[in-house]
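Residues per chain, in single letters:
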Amino acid sequence: QVQLVESGGGLVQAGGSLRLSCASSGRIFGTRAMGWFRQAPGKERNFVAGINWSGGSTYYADSVKGRFTISRDNAKATLYLQMNSPKPEDTAVYYCAASKYPTISAYDTPKTYDYWGQGTQVTVSS
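Residues numbered from 1 in each chain as written. Predicted model: local features only at pLDDT ≥ 70, side-chain atom pairs only at ≥ 80, totals over all residues. Heavy atoms only, no water.

Asker: Teacher, can you tell me more about the overall build of the chain here?
Answerer: Looking only at helices and strands, the chain features zero helices and 11 strands. In the chain, the succession of helices and strands from N to C terminus is β-β-β-β-β-β-β-β-β-β-β. Here the C-alpha atoms of the chain give a radius of gyration of 13 Å, agreeing with the 14 Å that 2.2 N^0.38 yields for 126 residues. The dimensions of the chain, computed from C-alpha atoms along their principal axes, are 40 × 25 × 25 Å. (Helix = DSSP H or I, 4+ residues; strand = E, 2+ residues; numbered from the N terminus. Rg over C-alpha atoms; globule rule 2.2 N^0.38 Å.)

Asker: It is not clear to me how the nonpolar core should be interpreted in this structure. Could you clarify?
Answerer: By size, the foremost hydrophobic cluster in this structure holds 34 residues, and its most contacted members are M34, W36, L79, L81 and Y94. Mapped onto this core, the elements with two or more residues apiece are β3 (17-24), β4 (34-39), β5 (46-51), β7 (68-73), β8 (78-84), β9 (92-98) and β11 (120-125). Here this core takes five residues from β9, the largest share from any one element. (Core = buried A, V, L, I, M, F, W, Y, C linked by side-chain atoms within 4.5 Å. Buried < 20%, exposed > 50% of the residue type's maximum accessible area, 1.4 Å probe, protein only.)

Asker: Hey, could you run me through the state of the cysteines in this one?
Answerer: Each disulfide consists of one covalent bond between the sulfur atoms belonging to two cysteines. Within this structure, the stated rule accounts for one disulfide. Disulfide pairing places C22 opposite C96 at an S-S distance of 2.0 Å. Its S-S torsion of approximately -75 degrees makes the covalent link between C22 and C96 left-handed. One end of the pair, C22, is in strand β3; the other, C96, is in strand β9, and 74 residues separate them in sequence. (Disulfide = S-S within 2.5 Å.)

Asker: Just checking my understanding: could you explain the sheet that holds strand β1 (residues 4-7) for this structure?
Answerer: Sheets are built from strands that pair by backbone hydrogen bonding, the pairs being arranged parallel or antiparallel. The strand order across the open sheet formed by four strands is β1-β3-β8-β7, and the pairing between neighbours is antiparallel. A strand with exactly one partner marks an edge of an open sheet, and here the two such strands are β1 and β7. On average, adjacent strands in this sheet sit at an angle of 15 degrees to one another, irrespective of strand direction. The sheet contact formed by β7 and β8 spans six bridges and is antiparallel. Opposite R72, over in β8, you have L79 as the bridge partner. (Pairing = 2+ DSSP bridges. Axes fitted to C-alpha atoms, helices over the stretch in contact; angles between N-to-C directions.)

The structure is reproduced here in structure tokens:
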């Protein structure tokens, strides 16, 4: 069983920056494809970014391309989401997710993932 814990959320001004972290308590972090999703009040959970086991392949939602960067440090068993120039519409609870597999075909699909963190709130002010 994989346990994921997000951190780094909080209040940030539009145009600023924020880095989210997702720490895994498992021993095989480096073998799993992972992703970030977000859910705003009254909205469905949407894909933000995905990354394969090595970090060599990354995928982004169109809404965050050029602003957010997903990365991982397998030695530290930690996944990151660097949020640059966040906008008020980026406000949401951000969730870290992990797959059973090192690579997946649908990084943007929630059902692709097998493990989820409890989320961290990100609020972007104007």
